[in-house]
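Structure at a glance
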Amino acid sequence: AQKITQTQPGMFVQEKEAVTLDCTYDTSDPSYGLFWYKQPSSGEMIFLIYQGSYDQQNATEGRYSLNFQKARKSANLVISASQLGDSAMYFCAMRTSGSRLTFGEGTQLTVNP
Amino acid sequence: NAGVTQTPKFQVLKTGQSMTLQCAQDMNHEYMSWYRQDPGMGLRLIHYSVGAGITDQGEVPNGYNVSRSTTEDFPLRLLSAAPSQTSVYFCASSRTGFSGNTIYFGEGSWLTVV
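Report on the accompanying structure. (Residues numbered from 1 in each chain as written. Chains lettered and ligands numbered in written order. Predicted model: local features only at pLDDT ≥ 70, side-chain atom pairs only at ≥ 80, totals over all residues. Heavy atoms only, no water.)

In this section: the overall build of chain A. If you tally the helices and strands in chain A, you get zero helices and 12 strands. Going residue by residue from the N terminus, the α and β elements of chain A occur as β-β-β-β-β-β-β-β-β-β-β-β. Its C-alpha atoms give chain A a radius of gyration of 14 Å, within 12% of the compact-globule value 13 Å for 113 residues. For chain A, the C-alpha atoms occupy an extent of roughly 40 × 25 × 20 Å along the three principal directions. In chain A, which comprises 113 residues, the proportion classed as buried is 50%. Measuring between centres, the 9 positive side-chain charges of chain A sit 5 Å from its 10 negative side-chain charges. (Helix = DSSP H or I, 4+ residues; strand = E, 2+ residues; numbered from the N terminus. Rg over C-alpha atoms; globule rule 2.2 N^0.38 Å. Buried < 20%, exposed > 50% of the residue type's maximum accessible area, 1.4 Å probe, protein only. Lys, Arg positive; Asp, Glu negative; His and termini not counted. Charge placed at Lys NZ, Arg CZ, Asp CG, Glu CD.)

Before going further, it helps to examine unusual backbone geometry. Geometrically, the link from B:Thr7 to B:Pro8 is a cis peptide bond, its omega value of -10° lying close to zero. Residue position: B:Pro8 is located in the loop between β1 (4-7) and β2 (10-13). With phi around 55°, A:Lys73 is a residue other than glycine that occupies positive phi space. If you trace the backbone, A:Lys73 turns up in the loop between β8 (64-69) and β9 (74-79). Here A:Lys73 falls in the partly exposed class, since its relative accessible area comes to 29%. With a phi angle near 60°, B:Asn28 is a residue other than glycine that sits in the positive phi range. Among the structural elements, B:Asn28 can be located in the loop between β3 (19-25) and β4 (31-37). Assessed through its relative accessible area of 52%, B:Asn28 is described here as exposed.

The next thing to look at is the interface of chain B and chain A. Tallying the contact residues gives 25 residues for chain B and 24 residues for chain A. Summing the contributions of chain B and of chain A, the shared interface buries around 1,900 Å²; its carbon and sulfur component is 59%. One can count four residue pairs in polar contact (both at pLDDT 80 or more) joining chain B with chain A. Those elements giving two or more residues to the side of chain B that touches chain A turn out to be β4, β5 (43-51) and β9 (87-94) of chain B. Looking at the side of chain B that touches chain A residue by residue, the classes come out as 11 nonpolar, 12 polar and two charged. (Contact = heavy atoms within 4.5 Å. Buried area = accessible area lost by both parts, 1.4 Å probe. Polar contact = N/O pair within 3.5 Å; in protein donor to acceptor, adjacent residues only side chain to side chain. Nonpolar A, V, L, I, M, F, W, Y, C, P; charged D, E, K, R; others polar.)

The next thing to look at is the state of the cysteines. Residues and elements named next belong to chain A. Inspection of the entire model under this criterion finds two disulfides over all chains. The disulfide partner of Cys-23 is Cys-92, and the S-S distance across this bridge is 2.0 Å. On the sign convention where negative means left-handed, the S-S torsion of about -60° between Cys-23 and Cys-92 marks this disulfide as left-handed. Taken together, the residues Cys-23 in the loop between β3 (19-21) and β4 (24-26) and Cys-92 in strand β10 (residues 88-96) connect sequence positions 69 residues apart. Judged by its relative accessible area of 0%, Cys-92 falls in the buried class. (Disulfide = S-S within 2.5 Å.)

Residue and element names in this part refer to chain A. If you look at the biggest cluster of nonpolar residues, it comprises 24 residues, and the most contacted ones within it are Tyr-25, Leu-34, Trp-36, Ile-49, Leu-77, Tyr-90 and Leu-109. Breaking this core down by element, the ones donating at least two residues are β3, β5 (32-39), β6 (46-52), β8, β9, β10 and β12 (107-112). By residue number, the principal contributor to this core is β10, which donates four residues. Sequence-distant contacts of Leu-34, that is, excluding residues within four places in its chain, are made with Ile-4, Tyr-25, Ile-49, Tyr-50, Gln-51, Leu-66, Phe-68, Ala-75, Ala-93 and Met-94. (Core = buried A, V, L, I, M, F, W, Y, C linked by side-chain atoms within 4.5 Å.)

For the structure shown, the criterion picks out 16 aromatic pairs over all chains. Summarising the aromatic geometry, the rings of B:Tyr35 and B:Phe105 are spaced 6.2 Å apart at their centres and angled 45° between planes, so their arrangement reads as tilted. Here B:Tyr35 is found in strand β4, whereas its partner B:Phe105 is found in strand β10 (residues 104-105), with 70 residues between them in sequence. Across the pair, exposure class does not vary: B:Tyr35 and B:Phe105 are buried alike. Positioned above the aromatic ring of A:Tyr64, the side-chain terminus of A:Arg63 is 5.7 Å from the ring centre. Stacked on the ring of B:Tyr31, the Lys or Arg A:Arg95 has its end atom at 4.8 Å from the ring centre. (Phe/Tyr/Trp six-rings, centres within 6.5 Å; stacked < 30°, edge-to-face > 60°. Lys NZ or Arg CZ within 6 Å of the ring centre and 35° of its normal.)

Here the focus is the sheet that holds strand β8 (residues 76-78) of chain B. Residues and elements named next belong to chain B. Spatially, β1-β3-β8-β7 is the arrangement adopted by the four strands of the open sheet, whose pairing is antiparallel. Where the open sheet ends on each side, the last strands, each with one partner, are β1 and β7 (64-66). Taking each pair of neighbouring strands and ignoring which way they run, the sheet shows an average axis angle of 20°. Direction of pairing for β7 relative to β8: antiparallel, over a ladder of three bridges. Residue pairing in the sheet places Tyr-64 in a bridge with Leu-78 of β8. (Pairing = 2+ DSSP bridges. Axes fitted to C-alpha atoms, helices over the stretch in contact; angles between N-to-C directions.)

Following this line, the structure appears as structure tokens:
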């Protein structure tokens, strides 16, 4: 069975600082993909970043980077230079070879001015 | 979100009523799925499909039916609505396997059962 764990129900960060959102995963499938999504208060799911299990380098997309530590089964999201608009719910998700997508319970990020 | 259309956006049902949430995508994606999101929680998989004529159960399938007669459409049917089905429902589509590292979500359907 696949499982995603996000242990931080809420996080606070000062504007312009960096923040790390934790995500650990569990799967016996050697092929998988890891995703991070942002969900603002308006409710839509916004794709942020993707990391494949065989990717050699950590994924980066603008201010977002994914700290992928395969041996530890962790896929933490790092947001650099936080902005007020980054305040939202963040979800880590995993997809295995069966195509099913499993989500964690999310982390509510609040960026303070 | 581009390419995945969900209707209706808001719906209020009475206990015992049935209804269908519609989901359509125009990207020729093989994989489509339905999730529900309860307050303060992540998304849980209800049903999914890897192609026309193929569906399977997810984590929380009870009380819901799906069918996939075309590649484009994947409707979710509530057979006899219960207050426990009050939730936000998301439809998503992508290519199967790992050729599609982006999964497209609909904008969500807010369902209240009274």
